[in-house]
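Here's the letter readout for the chains.
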Amino acid sequence: KLALKCIRRLCVFISFRYPVFPHHSKSLGRDWTTPWENLQRCCWNRHISSCMRWPGHYSRAPYPYFSSRHFSLNWRPPCLFESKTQFQYYNWRPDSLSQTSLIHLSSYVMNSEGDEPSSKRRKHQGTIKRNWEYICNHNKEKTKILGDKNVDPKCEDSENKFDFSVMSYNILSQDLLEDNSHLYRHCRRPVLHWSFRFPNILKEIKHFDADVLCLQEVQEDHYGTEIRPSLESLGYHCEYKMRTGKKPDGCAICFKHSKFSLLSVNPVEFYRRDIPLLDRDNVGLVLLLQPKIPCAASPAICVANTHLLYNPRRGDIKLTQLAMLLAEISSVAHQKDGSFCPIVMCGDFNSVPGSPLYSFIKEGKLNYEGLAIGKVSGQEQSSRGQRILSIPIWPPNLGISQNCVYEVQQVPKVEKTDSDLTQTELKKTEVLVTAEKLSSHLQHHFSLSSVYSHYFPDTGIPEVTTCHSRSAITVDYIFYSAEKEDIAGHPGAEVALVGGLKLLARLSLLTEQDLWTVNGLPNENNSSDHLPLLAKFRLEL
């Protein structure tokens, strides 16, 4: 009876707005569980789970999800009134109620930098195991994912093939961590120090032993004094591109001497002094690598790494940066016979699955007419007050076409005896170029697939690649060019590929709930606010 009285008081009180809470009640009762039947009558209009979702979010899985098992056995409802007389709850426990009759109420929106949901308060230390998912595309209509101990014998080594692994990892620049300390209020102080973080990051790299590393947010001073020497001692050759301007970090691609030789290094700077749109200091890096195998006819492999602009409201800059990277990849991967070598494109794209930018990468085309500038990356939930993308997005003097390739400026032959005719031809050329530029259709000629599916197939719950105090979403990706047999019907099918890559395995990702069981990121065992992505590929020769 006493428990029922408490619940009734709780339901009546929740029907009022949070500002009437006493301070201590606010902090104790941010996330509550209470019978749905009473809440339906007393507080039917209470907002339920306002956590941020990206396009295609699984609507039946609010995050983080709570049930009675998340509460201590000695949990008691907080005092709801400021009077000195407090109710005694004795041994009332939430597990005395049916779990199916409970509903989680959570505002899950931080009203100030220090105001965090109780779901993000410090949890116990521990580790979360990530398993390898083995994938064999022998039958493209029926992909089979196997457990760690059940490796399909068809995936084992065979002749005329080259297997290699790729890791993409945003390792969190120490300067950026300190400049954005409000994102890491949930962390214990010692785990945020570089002297603690770097050994952990290096331990992860050693453990996974990838043949190619694509690292983002690599701080220049740490790269020179610790990161590069440590990786070189592990048998890696390292290439680095620092961000332009005053930013102290950049992108690095490192590969094992034993697996590849370096053919070319191609840094990409997204800042252009003569183009007002491109006033940000992000960069990319593109390498052309030659596999070290006895077969002399093996194709090279193009590996690209980037970290696109974060700002959710500048989709125009993000798309332009992506187009610049794709143009450089097209230039580097292009072979003498007109084909393209296999491509692996990694990085932090600051865009979520299902967003227009993500879809453009995978589908090879995008019609951006009428698209709000803040909807490009999918990070912004509302487009109110946002302008529409201009047509074209970038100016002609960037030198990149709507097909995301470098434009070849053809200079018409000028004859002194026929200057009038030459001027007419030039005007016609300018009109044609202008008409082409006004198209709102972007294209690229690569058949790119994502290593990850971004949702757990059994539950539809999203995978996450980054998790801190403000959000837990997917922004990191490994894209790769598919095999020839998988290209049919794809927008980039008209462009031939030499070989193509087969995805053999990937390191599983986690849910937001998984990560908060170990206090989010960074923590004692994972020293970045991003998870490393890892994939194993096969190049058929």
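If you're wondering where the values come from, they're calculated on a predicted model, not measured in any experiment.

### Considerations on the overall build of the chain
Regarding its fold elements, the chain presents 10 helices and 20 strands. Every one of the 541 residues in the chain was classed for burial, and the buried ones make up 54%. Partitioning the contacts of the chain with sequence separation of at least 6, the portion at a separation of at least 24 is 73%. Here the chain has roughly 26,400 Å² of accessible surface; of this, 51% comes from carbon and sulfur atoms.

### As for the side chain of E204
Structurally, E204 can be placed in helix α5 (residues 194-208). Buried charge E204 goes without a salt bridge, the closest partner of opposite sign being R130 at 5.5 Å. Every residue in contact with E204, bar those within four places of it in the chain, is listed here: M167, Y169, N526 and P532.

### Brief notes about the sheet that holds strand β12 (residues 343-348)
Pairing within the open sheet is mixed, and its 6 strands lie in the order β9-β10-β11-β12-β18-β15. Because the sheet does not close on itself, it has two edges, and the strands there are β9 (260-269) and β15 (448-450). Across the sheet, the mean angle from the axis of one strand to that of its neighbour is 20 degrees, orientation sign disregarded. Strand direction decides the pairing type here: β15 and strand β18 (residues 476-481), joined by 3 bridges, are antiparallel. Each bridged residue has a counterpart across the sheet, and for S450 the counterpart in β18 is F479.

### As for the packing of helix α7 (residues 315-333) against helix α8 (residues 356-363)
Closest axis-to-axis distance for the α7/α8 pair is 11 Å, and the angle between their directions is 20 degrees. Our classification of the angle between α7 and α8 gives roughly parallel. You can see that α7 and α8 cross each other, and the crossing is right-handed. On α8, the residues touching K318, L319, L322 and L326 of α7 are L357, F360 and I361.

### Focus: unusual backbone geometry
Of note, the bond from I391 into P392 is cis; its omega dihedral lies within 30 degrees of zero at -5 degrees. Relative to the helices and strands, P392 resides in the loop between β13 (365-367) and α9 (419-437). The step from L521 to P522 runs through a cis peptide bond, and the omega angle for that step is -10 degrees. Considering the arrangement of structural elements, one finds P522 in the loop between α10 (512-516) and β20 (533-540). Of note, the phi angle at E217 is positive, near 55 degrees, even though the residue is not glycine. Here E217 shows up in strand β6 (residues 212-219). If you check the backbone angles, H454 has positive phi at about 80 degrees while not being a glycine. Looking at the secondary structure, you find H454 in the loop between β15 and β16 (466-467).

### Quick word on the pairing of β20
A large share of β20 lies buried, amounting to 6 of its 8 residues. Judged from the 8 bridges that link them, strand β5 (residues 161-170) and β20 form a sheet pairing that is antiparallel. Paired with F162 across the two strands is L539, which belongs to β20. With 5 bridges joining them, strand β19 (residues 501-507) and β20 adopt antiparallel strand pairing. Across the sheet, L501 pairs through a bridge with L539, a residue of β20.

Cut-offs and rules
Residues numbered from 1 in each chain as written. Predicted model: local features only at pLDDT ≥ 70, side-chain atom pairs only at ≥ 80, totals over all residues. Heavy atoms only, no water. Helix = DSSP H or I, 4+ residues; strand = E, 2+ residues; numbered from the N terminus. Buried < 20%, exposed > 50% of the residue type's maximum accessible area, 1.4 Å probe, protein only. Contact = heavy atoms within 4.5 Å. Areas by Shrake-Rupley, 256 points an atom, 1.4 Å probe, with all protein chains shown as cover. Lys, Arg positive; Asp, Glu negative; His and termini not counted. Salt bridge = Lys/Arg side-chain N within 4 Å of Asp/Glu carboxyl O. Pairing = 2+ DSSP bridges. Axes fitted to C-alpha atoms, helices over the stretch in contact; angles between N-to-C directions. Parallel < 35°, antiparallel > 145°, perpendicular 65-115°, else oblique. Left-handed = near helix turned anticlockwise from the far one by under 90°.

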